[in-house]
Amino acid sequence: MKRATQSTETPQVGRSVPRLESWLKVTGRAEYVHNLRLPGMLYGKIFRSSVAHGRIKRIDVAAAQAVGGVHRVFTGEDIRKLIPEPYYGPAFHDQPVLALDKVRYVGEPVAVVLAADPHVAEEAAHLIVAEYEELPAVYDEVEAVSSKAIVHDVLKPAGTFPDLKHVKGRTNTNVALDFHLRRGDAAAAMAKAERVFEHRFRTQQVMHTPLEPLVSAAESTESSLTIHTASQSPSFVRMELARLLGWPENRVRVRVPFLGGGFGAKLYIKLEALVAVLSLLTRRPVKISLTMEEQFFTITKHASTFRIKSGVTREGRIIARECEVWWNGGAYADIGPRVTQKSGFTAPGPYDIDNVLIDSYALYTNLPPAGALRGFGIPQLVWAYEGHTDMMARELGIDPIEFRRRNLLREGRPQATGTVLRDAAVDKVLERLETLIDWKKPFDHGSGTLRRGRGIAIGFKACVSPTTSLAAVNVNADGSCIVYCSTADMGQGSDTAMAQIAGEVLNMAAESVTVVHSDTDVTPYDMATLGSRSLFHMGNAVKLAAQDAKQKLAALREELKLPPDSEVSEIFKKKYGMQAGNVVGTGSYLPSYKSPDQNGLTDNATPFWMVGGTGVELEVDTETGRVRITRLINVGDVGTPINPRIVETQLSGAAIMQLGFTLFEKMQFDDRGQLRNASFAEYKIPGLLDLPAEILNEAVVAEQRSGPFGAKGVGETGTFGVSPAIANAIHDAVGVRLTSLPMNPEAVWEKLEEAR
Amino acid sequence: MRREIRFRLNGEAVAAQVAPHETLVEVLREEFGLHGARESCGQGMCGCCTVLVNARAVSGCLYLASLCDNADVRTIEDGEPDAVQQAFVDAGALQCGFCTPGFVLMTRQLLDENPEPSEDDIRHYLSGNLCRCAAYPQIIEAVKLAAEKRRKS
């Protein structure tokens, strides 16, 4: 039960407050765009490309248009009548609202049917016929570098975000962005090394599959547009739509209620431009709800190839490292270039290496676009460098944890970019993993056809920078409090965390604080809910806003000659003669940042580091190749947790999600780029039967001094180490090394066969 | 093509005009404004659309509405909050909440059949419900907690 003026001295930060919206969710009453129905609304169903790469020769919509109940059918050419250059995207303006001139992957939206009855729209969409002049296609990220098949004739960088300003337009290439880092002299150090190791790792394309599939609706007048969307980035949607339409931002309103999961799928701009244009063209509200199948054709996680090479001294010190990473971005760049750079610079891992060379490439291919998925590329990198680390340790005959300890990047030491590690408990995470997994105790490796193994891995991430968050905290005349911020609560518990932060400052129970959901007409700007940035950035902004409100209340008390401990309601009663008025505090947070120089170096790459480690114990059935995880240990440096229970759920949830990407999830394409398993019948995600028997989560004792009350982000931390820890444990169990994901029974069995 | 069906919805006698292809989830959403059962995978693989028809859980995204003629239909919106829902809140057994109603309904059915389920029983019985946020450890905890709450009351 919420009490409006509940005042408390109890600390709000560090309390496991149940999520504020818990009851709405257990009773099925939480608001999602999925539920939204507007009067007079038309439903859109998308007709998609059946070829991977081709010039559009003809789109015949006559039969679809003739179906009774169809309002209208639109193609890219219709969009062009409203917006001459209808291309969007956060890094490149490369993605058309509907395909124009060319299609670039199987499943790309080509036309849309609108009808009041979604079944009619769907039936009519099946009647559309398109003819293409097929072009050579490229699917593999390494082949894309030299392929004659060019996905985009001209590259069109957006220049929207300050950290991606260096992206330059090019022609006759599939390389959207190449990031290079040179620290010391890797080649010279490599030549001096006692031993040199080189390995190659691959990851597969997977999908976020939020259970609320992507959905957006638009309503419009002549001069205004309201978008209701399941989006992690309402401010960006507004900016991008305003740019496309040539309107000022105040004519575009973007509303976001709860999200039924996001994980990076609902970032930047997805269906919003399409529904906006359709609403403006028809003067009717328009809603498009993707099916689970269609999500696979919308946004995915990068497949990747990583060549990693290290030079090691006789004493087991890594003195040189080369990293060459190719990111399969699919047909549209989305945020791939940022993944390439921001994750790319951590490719050498949390190790103290003086000589580093990194080449990281974002590639266009003729596959569904890839963007951010819970880790922004970090899990792909950790997969490689932690497998590599274990392989070297075993070759050198050094205990894998001891080998890591010898090379660990410690507090106060510069990372590859030159940015010094601060408040990053890499050593503590490794230490706690070692203890929790009882590393020093003898381990039963099983016998017969059931072999047991254990392994660990650690990874780290630099939070994306520079990004901004703004917030407002309103104190009403009765003393109750409302937080305004554009952070989207997609399940991570941000509403609760922000209420705890505001409550801590204002001495109010978090349960009594209301958090207003994103509405760009109401809530201030926020870069986006992504990359574990919100608790830190928005948390700082909310804290500043609450402090501002508190100072204003203190000033009023002084002005009205009220004692400092007087109730808030007394202030307003005395000032206005009744329960009236309010105080609004504002807060704005932008960390400092320095762009990398021509060598990829900077002494200020990130506002904070995230550290995550995983330990696993598992069984391998040598007859079937099946891997069963018996124990999963997740350790993270999350700073000081604001809400320990939610932090724990985030750590284990992220690790279990990554378990799916590790053991079985894979988008399977045929040789013409057609996805063959775009459904839950054929694409399995982790369920209760996949859950390890034992899961242990721990946030190490730590503090992020620049974070709100010592906190930092946690949403992705649990993903980092899972895949390599499992590969390392499989090797420990049966002596075979897997270097490609997923490690499904077939892949493990094949490796075992090779070794037999 | 539409025909009228009459059924009991959360204890109340109702009627709806339904087309033969319309699913139970669609009719609940379009005709009755009930959103707790929701279509996600559209294949009966995830459990987000769980509805009770004549006291048995069905996948509302596949179950044709016309089959509900004369049936007793119950959704998450039915009745007062119960021990299962309280347990999900207390255990923090939800994140985005999209799958939660399905888990709550299946947990009630599990505990009706088996008031003291083992952890293995819970994992198997709820294996048809998916949670992409993977709040599974907390869901198991919630089911155990709910069983305990029910036994005490």
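In this text, all values refer to a predicted model and were calculated from it rather than measured experimentally.

**Re the pairing of strand E3 (residues 50–53) of chain B**
Residue and element names in this part refer to chain B.
Link 1 in the chain: Across four bridges, E3 lies against strand E4 (residues 56–59) in antiparallel orientation. Bridged to Leu52 within E4 is Ala57.
Link 2 in the chain: Between E3 and E4, which pair antiparallel one after the other, the connecting turn spans two residues, and Asn54 there sits at a positive phi close to 50°.
Link 3 in the chain: Pairing between E3 and strand E5 (residues 72–74): two bridges, direction antiparallel. Residue pairing across strands places Leu52 opposite Arg74, the latter belonging to E5.

**Looking at the interface of chain B and chain A**
Link 1 in the chain: On the chain A side, the residues contacting the 38 residues of chain B number 41 residues.
Link 2 in the chain: Elements represented by at least two residues in the side of chain B that touches chain A include exactly helix H2 (83–90), helix H3 (100–113) and helix H5 (136–152) of chain B.
Link 3 in the chain: Its residues placed into classes, the side of chain B that touches chain A shows 21 nonpolar, 13 polar and four charged.

**Comments concerning the domain arrangement of chain A**
All names here are of chain A.
Link 1 in the chain: As far as domains go, chain A holds domain 1 (22–30 + 467–589), domain 2 (34–135 + 214–289) and domain 3 (389–463 + 601–755).
Link 2 in the chain: Each of domain 1 and domain 3 has a C-alpha centre, and the two are 37 Å apart.
Link 3 in the chain: With 16 residues of domain 1 at the contact, the number on the domain 3 side is 17 residues.
Link 4 in the chain: Elements supplying a minimum of two residues to the side of domain 1 that touches domain 3: helix H14 (494–506) and helix H15 (534–559).
Link 5 in the chain: Tallying contributions element by element places H15 first for the side of domain 1 that touches domain 3, with six residues.
Link 6 in the chain: Here the side of domain 1 that touches domain 3 is built from residues that sort into four nonpolar, nine polar and three charged.

**Digging into the sheet that holds strand E13 (residues 252–255) of chain A**
All names here are of chain A.
Link 1 in the chain: Spatially, E3-E7-E1-E14-E11-E12-E13 is the arrangement adopted by the seven strands of the open sheet, whose pairing is mixed. Strand pairing shows two members of the sheet lacking a second neighbour, strand E3 (70–75) and E13, which therefore form its edges. The average angle at which neighbouring strand axes cross in this sheet is 20°, direction not considered.
Link 2 in the chain: Summarising the sheet, strand E1 (residues 42–48) and strand E14 (residues 286–289) pair through two bridges and their orientation is parallel. Bridge assignment links Leu42 to a residue of E14, and that residue is Val286.

**Focus on the pairing of strand E25 (residues 582–589) of chain A**
All names here are of chain A.
Link 1 in the chain: Because side chains alternate across E25, one face comprises the buried residues Val583, Gly585, Gly587 and Tyr589, and the other comprises Asn582, Val584, Thr586 and Ser588, none of which is buried.
Link 2 in the chain: Pairing of strand E22 (residues 469–476) with E25, which is carried by eight bridges, proceeds in the antiparallel orientation. Bridging from a neighbouring strand, Asn476 pairs with Asn582 of E25.

**Concerning helix H16 (residues 568–576) of chain A**
Residue and element names in this part refer to chain A.
Link 1 in the chain: Inspection of H16 places Val568, Ile571 and Phe572 among the buried residues, and these make up the whole buried set. End-on, the buried residues of H16 take up no more than an arc of 90°, which puts them together on one face.
Link 2 in the chain: Buried residues in H16 make contact with E22 and H15.
Link 3 in the chain: Gly577 lies just past H16 and shows a positive phi near 75°.

**Thoughts on the domain arrangement of chain B**
Residues and elements named next belong to chain B.
Link 1 in the chain: Domain assignment breaks chain B into domain 1 (3–74) and domain 2 (83–152).
Link 2 in the chain: One C-alpha centre belongs to domain 1, the other to domain 2, and the line joining them spans 22 Å.
Link 3 in the chain: In this complex, domain 1 contributes 10 residues to the contact, which on the side of domain 2 involves 10 residues.
Link 4 in the chain: For the side of domain 1 that touches domain 2, a count of residues per class yields five nonpolar, four polar and one charged.

**Quick look at the packing of H15 of chain A against H16 of chain A**
Residues and elements named next belong to chain A.
Link 1 in the chain: It is at 10 Å that the axes of H15 and H16 come closest, and there the two elements cross at 55°. What the angle tells us is that H15 and H16 run oblique. Regarding H15 and H16, the two cross each other, and that crossing is left-handed. Within the contact between the two elements, H15 uses Leu553, Leu556 and Arg557 and H16 uses Val568, Ile571 and Lys575.
Link 2 in the chain: Tallied by class, residues from the contact of H15 with H16 come to four nonpolar, no polar and two charged.

**Describing the sheet that holds strand E16 (residues 303–312) of chain A**
Residue and element names in this part refer to chain A.
Link 1 in the chain: One open sheet accounts for five strands, arranged E9-E18-E17-E16-E10; its pairing is mixed. The outermost strands of the open sheet, each flanked by one partner alone, are strand E9 (175–183) and strand E10 (195–203). Across the sheet, the axes of successive neighbouring strands diverge by a mean angle of 5°, strand direction being ignored.
Link 2 in the chain: Pairing between E16 and strand E17 (residues 318–328): 10 bridges, direction antiparallel.

About the thresholds
Residues numbered from 1 in each chain as written. Chains lettered and ligands numbered in written order. Predicted model: local features only at pLDDT ≥ 70, side-chain atom pairs only at ≥ 80, totals over all residues. Pairing = 2+ DSSP bridges. Helix = DSSP H or I, 4+ residues; strand = E, 2+ residues; numbered from the N terminus. Contact = placed C-beta atoms within 7 Å. Nonpolar A, V, L, I, M, F, W, Y, C, P; charged D, E, K, R; others polar. Domains from an automatic or database assignment. Axes fitted to C-alpha atoms, helices over the stretch in contact; angles between N-to-C directions. Buried ≥ 20, exposed ≤ 12 C-beta atoms within 10 Å, placed from the backbone. Arc of directions from axis to C-beta. Parallel < 35°, antiparallel > 145°, perpendicular 65-115°, else oblique. Left-handed = near helix turned anticlockwise from the far one by under 90°.

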